[in-house]
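Chain and residue survey
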Amino acid sequence: MPLHMLRLAVGAPDLADMRDWRNRNQMDWNGHRVVPTYTRRMPTRTAELLDGGSLYWVVKGILCCRARFVGFDLLRSPEGDEVCRMLLDAELVETVPQPKRPFQGWRYLKPEDAPPDLDQAGGGQDLPPHILAELRQLGLA
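Remember, it's a predicted structure, so these values are computed and weren't measured experimentally.

If you tally the helices and strands in the protein, you get 4 helices and 8 strands. Seen in sequence order, the protein has helices and strands lined up from the N terminus as β-α-β-β-α-β-β-β-β-β-α-α. Across the 141 residues of the protein, 41% fall into the buried class. If you take every contact in the protein between residues at least 6 apart in sequence, the share linking residues at least 24 apart comes to 68%. If you sum the accessible surface of the protein, you get close to 8300 Å²; carbon and sulfur atoms cover 48% of it.

Written as structure tokens, this is what we have:
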């Protein structure tokens with residue numbers, strides 16, 4: 001069964017900026033177009049993450065998109081520290097927006113707690129994500 005991960009998109013003011021950042025940072029890795037993101041430690045459950053898992057991004061307090069995991073590798077930073085490079089599929093999939101409180105680092109996310117993709121959920125696509133998230137929190141959407 002796949003496992004997901006949750007992470008804050010620090011510095012991204014909105015989903016459009018997140019898309020721009022991802023477009024600027026794409027690279028080829030083992031025949032895949034990927035977007036790298038870095039963390040201090042290698043997750044211990046990489047096999048589950050690679051079994052169909054995604055990294056879900058929180059942008060300005062709203063969980064709003066995801067990208068499928070493609071791979072992981074360890075690198076040395078310029079300072080000599082070992083860091084984990086998480087490699088994500090180049091496709092960014094919008095999800096049903098959910099409000100999320102701030103946290104540090106990343107968290108595992110169980111499949112049953114992950115929001116559905118926006119195109120599968122139906123309705124509300126014309127509303128801004130923060131409004132749709134608030135309506136869903138109130139049980140109105």
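Turning to the packing of aromatic side chains, a few remarks are in order. For the structure on display, the rule yields 3 aromatic pairs. The interplanar angle of 75° and the centroid separation of 5.0 Å between the aromatic rings of Trp106 and Tyr108 together place this pair among those described as edge-to-face. Note on Tyr108: relative accessible area 27%, which makes it partly exposed. Stacked on the ring of Tyr108, the Lys or Arg Arg45 has its end atom at 5.2 Å from the ring centre.

A positive phi angle is found at Asn30, which is not glycine, with a value near 50°. Topologically, Asn30 is positioned in the loop between strand S2 (27-29) and strand S3 (32-39). Residue class for Asn30 comes out exposed when judged on its relative accessible area of 64%. Positive phi outside glycine occurs at Lys60, with the angle close to 50°. Inspection of the secondary structure assignment puts Lys60 in the loop between strand S4 (54-59) and strand S5 (62-76).

Scored by pLDDT, the protein has a mean of 89; 89% of the residues are at 70 or more. Mean pLDDT values for the elements of the protein range from 69 in helix H4 (residues 129-137) up to 97 in strand S1 (residues 4-8).

Definitions and cut-offs
Residues numbered from 1 in each chain as written. Predicted model: local features only at pLDDT ≥ 70, side-chain atom pairs only at ≥ 80, totals over all residues. Heavy atoms only, no water. Helix = DSSP H or I, 4+ residues; strand = E, 2+ residues; numbered from the N terminus. Buried < 20%, exposed > 50% of the residue type's maximum accessible area, 1.4 Å probe, protein only. Contact = heavy atoms within 4.5 Å. Areas by Shrake-Rupley, 256 points an atom, 1.4 Å probe, with all protein chains shown as cover. Phe/Tyr/Trp six-rings, centres within 6.5 Å; stacked < 30°, edge-to-face > 60°. Lys NZ or Arg CZ within 6 Å of the ring centre and 35° of its normal. pLDDT = per-residue confidence, 0-100.

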